[in-house]
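Tertiary structure, described
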Amino acid sequence: MSTVPVILAAGKGVRMRSNLPKALHALGGRPLIEYALELGQEVGDQPVLVVIGHGAEALRELVGERARVAVQAEQLGTGHALLQAAVELRGNVDRVLVWAADMPLLSAATLEAVVARQRENDGPISIVTAVAKQQRGFGRVLRAEDGSVQAVVEQADATAEQRSIRELNVGVYCFDSAWMWDELSRLQPSTSGEYYLTDLIGVAVAQGLEVGAIAVEDRAEIIGINTRVHLAEAEAALRERINRGWMECGVTLLDPANTYIAASVQIGADTTVLPNTHLQGATSVGSGCSIGPNSVVRDSAIGDRCRVECSVLEQATLEEDVDVGPFGRLRAGAHLARGVHVGNFGEVKNSYLGPQVKMGHFSYVGDATVGARTNIGAGTVTCNYGMDRKKHRTEIGEDVFIGSDTMMVAPVSIGARARTGAGSVVTRDVPADSTAVGVPARVIARRSTDDDG
Ligand code: UD1
Ligand code: MG
């Protein structure tokens, strides 16, 4: 007995006042359609089908291999939208589970519940309803004296009395496939000219058939996004869901309403995330860390006991006990080993900083390897962009002391335990255990080593 998930996503989303199709607007950093696709993959036992129309090409590209698509060339209503899937689905499945791409916070449990209700239903439809104070322009559920569902009436067509009804049509349906395709093709347009999917409920009742209904309790689930106000509402609800989850897992959030953690992020216990911090993409944070305030961490891996304050990290790796900021900037390929300290206005890109490296003040380190315990003085720059318009590497050994305001013109290497004087411009390799000063820098002395001492 098979159930195919069908997502309606062809609508314009006129009320969004946007050039972007509604299903591509972002929630929690991801397009709305992603939420529907994930749900569909979770609950159906057949490949998902998405009905696209407005902005079809962009949606088709995003959906890719993850679902089949049917195109609704003209947006003539939800009933007409579903009918476009008939060619693909008719005769091949037992049940069709339908919902709209604009309801991203629906849970798999709700979808599963309506499928389960339909499985035991002798009639052809089961729907999801919710009792809510705010009616949100939803269709109202009309019930008979005996409590059975009689019809769904759209707000625009409802009488004053019907408008006061608090039981709403959430917009999630499970249909008996054989019955539905026939009735759908016979559907008449409403006075507005649209074919209402919801009219099938009245059709079933007129045939003396039972319409099943289940109720959803969680207010967040029924946030349908028709306007940007709804989008912000959904964003807050999603944030609350995610942040509550992390607090329950042992993460301290000082101000959960102002902490922005993407669903894809991982965080260890006893980490504190301070306000106005954005953890995004494929980011993981270890335990015992302090992140924020005012930080953005995107696609980065942070080890245990790190501190990141007022900083921006992107595709960076921090091992344990690393300390960044305030006002640090770590870019793609920055790898800070255990115990590294990057202070204010430090920028690191595509570089490895070995254990215990100290870079306390404004400096730029790009395309470089820095050995353990090396100290990088204020104002240091790895000049990685050559006259040949190519990027070159700087190699700095262990226990090196780079004096303030040193320019290292790559490609260049500085040997272990070497020093550079303040303001030196290093254009040639500096041997281990030596000191180089001046512009351009020259070696002035060899420090004593085990070999010559
Ligand atoms: C619909 C329901 C309403 C329900 C509400 C819940 C109908 C007639 N009404 O109203 O009872 O309370 O959802 O959110 O179904 N779409 C298409 N093609 C179209 C029109 C719409 O694919 O021609 C898609 C939209 O992209 C959207 C979904 O169907 O994802 C719902 O359309 P929308 O216009 O938002 O319907 P509502 O007015 O919200
Ligand atoms: Mg809607």
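In this text the structure is predicted, and so the values were computed from the model without any measurement. (Residues numbered from 1 in each chain as written. Chains lettered and ligands numbered in written order. Predicted model: local features only at pLDDT ≥ 70, side-chain atom pairs only at ≥ 80, totals over all residues. Heavy atoms only, no water.)

Across its full length, the protein chain carries 9 helices and 42 strands. Relative to the globule expectation of 22 Å for 453 residues, the C-alpha radius of gyration of the protein chain, 30 Å, shows a markedly less compact shape. Each of the three principal axes of the protein chain carries a C-alpha extent, and together these read 105 × 45 × 40 Å. Going through the 453 residues of the protein chain one by one, you find that 51% of them count as buried. Residue pairs at least 24 apart in sequence account for 40% of intrachain contacts in the protein chain once pairs closer than 6 positions are excluded. Summing over all exposed atoms, the protein chain offers an accessible surface of approximately 20200 Å²; the carbon and sulfur share of this is 50%. (Helix = DSSP H or I, 4+ residues; strand = E, 2+ residues; numbered from the N terminus. Rg over C-alpha atoms; globule rule 2.2 N^0.38 Å. Buried < 20%, exposed > 50% of the residue type's maximum accessible area, 1.4 Å probe, protein only. Contact = heavy atoms within 4.5 Å. Areas by Shrake-Rupley, 256 points an atom, 1.4 Å probe, with all protein chains shown as cover.)

A word on the sheet that holds strand β23 (residues 317–318). One open sheet accounts for 9 strands, arranged β14-β17-β20-β23-β26-β29-β32-β35-β38; its pairing is parallel. Of all the strands in the sheet, the pair left with one neighbour each is β14 (266–267) and β38 (412–414). Examined bridge by bridge, strand β20 (residues 301–302) and β23 share 2 bridges and lie parallel to one another. Bridging across to β23, Ile 302 finds its partner in Leu 318. (Pairing = 2+ DSSP bridges.)

Under the counting rule described, the total for this entry stands at 2 aromatic pairs. When the ring of Tyr 173 is compared with that of Phe 175, the centres are 5.8 Å apart and the planes differ by 25°; the resulting orientation is stacked. For Phe 175, a relative accessible area of 1% corresponds to the buried category. With a centroid separation of 5.5 Å and 15° between ring planes, the pair formed by Phe 327 and Phe 345 is classed as stacked. Within this pair, whereas Phe 327 is found in the loop between β24 (323–324) and β25 (329–330), its partner Phe 345 is found in the loop between β27 (341–342) and β28 (346–349), the two being separated by 18 residues in sequence. (Phe/Tyr/Trp six-rings, centres within 6.5 Å; stacked < 30°, edge-to-face > 60°.)

Right, let's get into the coordination of the magnesium ion (ligand 2). Protein coordination at the magnesium ion (ligand 2) comes from Asp 102 (OD) and Asn 226 (OD1), with a distance range of 2.5 to 2.6 Å. In this pair, Asp 102 sits in the loop between β6 (95–100) and α5 (108–119) while Asn 226 sits in the loop between β11 (211–215) and α9 (228–248), placing the two residues 124 residues apart along the sequence. The class of Asn 226 is buried, set by a relative accessible area of 10%. (Donors = N, O, S within 2.8 Å, 3.2 Å for Na, K, Ca; no water.)

Moving on, we get to the domain arrangement of the protein chain. Under the domain assignment used here, the protein chain contains domain 1 (3–222) and domain 2 (228–451). Averaged C-alpha coordinates put domain 1 and domain 2 at centres separated by 49 Å. Summing both partners gives a buried area of about 1100 Å² for domain 1 against domain 2, and 55% of it is carried by carbon and sulfur. Our count for the domain 1 to domain 2 interface comes out at 2 salt bridges. Arg 241 is paired through a salt bridge with Asp 218; the nearest N and O atoms lie 3.8 Å apart. Counting residues per element, the ones that place at least two in the side of domain 1 that touches domain 2 are β2 (26–27) and α1 (32–43). Residue classes in the side of domain 1 that touches domain 2 are distributed as 7 nonpolar, 4 polar and 4 charged. (Domains from an automatic or database assignment. Buried area = accessible area lost by both parts, 1.4 Å probe. Salt bridge = Lys/Arg side-chain N within 4 Å of Asp/Glu carboxyl O. Nonpolar A, V, L, I, M, F, W, Y, C, P; charged D, E, K, R; others polar.)

Looking now at the site of ligand 1. Taken together, 23 residues form the shell around ligand 1, and within it Gln 72, Gly 77, Thr 78, Glu 154 and Asn 169 come nearest. At 2.7 Å, a backbone N or O of Gly 77 approaches an oxygen atom of ligand 1. Here Thr 78 contributes a side-chain N or O atom positioned 2.7 Å from an oxygen atom of ligand 1. Within the complex, 87% of the 750 Å² of free accessible area of ligand 1 lies under protein. Mapped by element, the contributors of at least two residues to the shell around ligand 1 are β1 (3–9), α3 (78–83) and β10 (167–176). Within the shell around ligand 1, the residues separate by chemical class into 10 nonpolar, 9 polar and 4 charged. (Near = heavy atom within 4 Å. Polar contact = N/O pair within 3.5 Å; in protein donor to acceptor, adjacent residues only side chain to side chain.)

Let us look at unusual backbone geometry. Cis geometry is found at the peptide bond from Ala 410 to Pro 411, where omega equals 0°. Within the secondary structure, Pro 411 is located in the loop between β37 (407–409) and β38. Across the junction of Val 439 and Pro 440, the peptide omega takes the value -10°, indicating a cis bond. Relative to the helices and strands, Pro 440 is located in the loop between β41 (434–437) and β42 (442–446). Located in the positive-phi region is Asn 276, a residue other than glycine, with phi close to 55°. For Asn 276, the location among the structural elements is in the loop between β15 (272–273) and β16 (277–280). Judged by its relative accessible area of 35%, Asn 276 falls in the partly exposed class.

Right, let's talk about the nonpolar core for a bit. Membership of the largest hydrophobic core comes to 58 residues, with the highest contact counts inside it found for Leu 279, Ile 302, Leu 318, Leu 330, Leu 336, Leu 353 and Ile 414. Per-element accounting of this core gives the leading share, 6 residues, to α9. Here this core spans two domains, and each of domain 1 (3–222) and domain 2 (228–451) adds at least three residues to it. When sequence neighbours within four positions are dropped, the list of residues in contact with Leu 330 reads Val 312, Leu 313, Glu 314, Ala 316, Leu 318, Val 324, Leu 336 and Val 348. Listed in part, the 37 residues of the second largest apolar core include Ala 9, Val 48, Val 128 and Cys 174. (Core = buried A, V, L, I, M, F, W, Y, C linked by side-chain atoms within 4.5 Å.)

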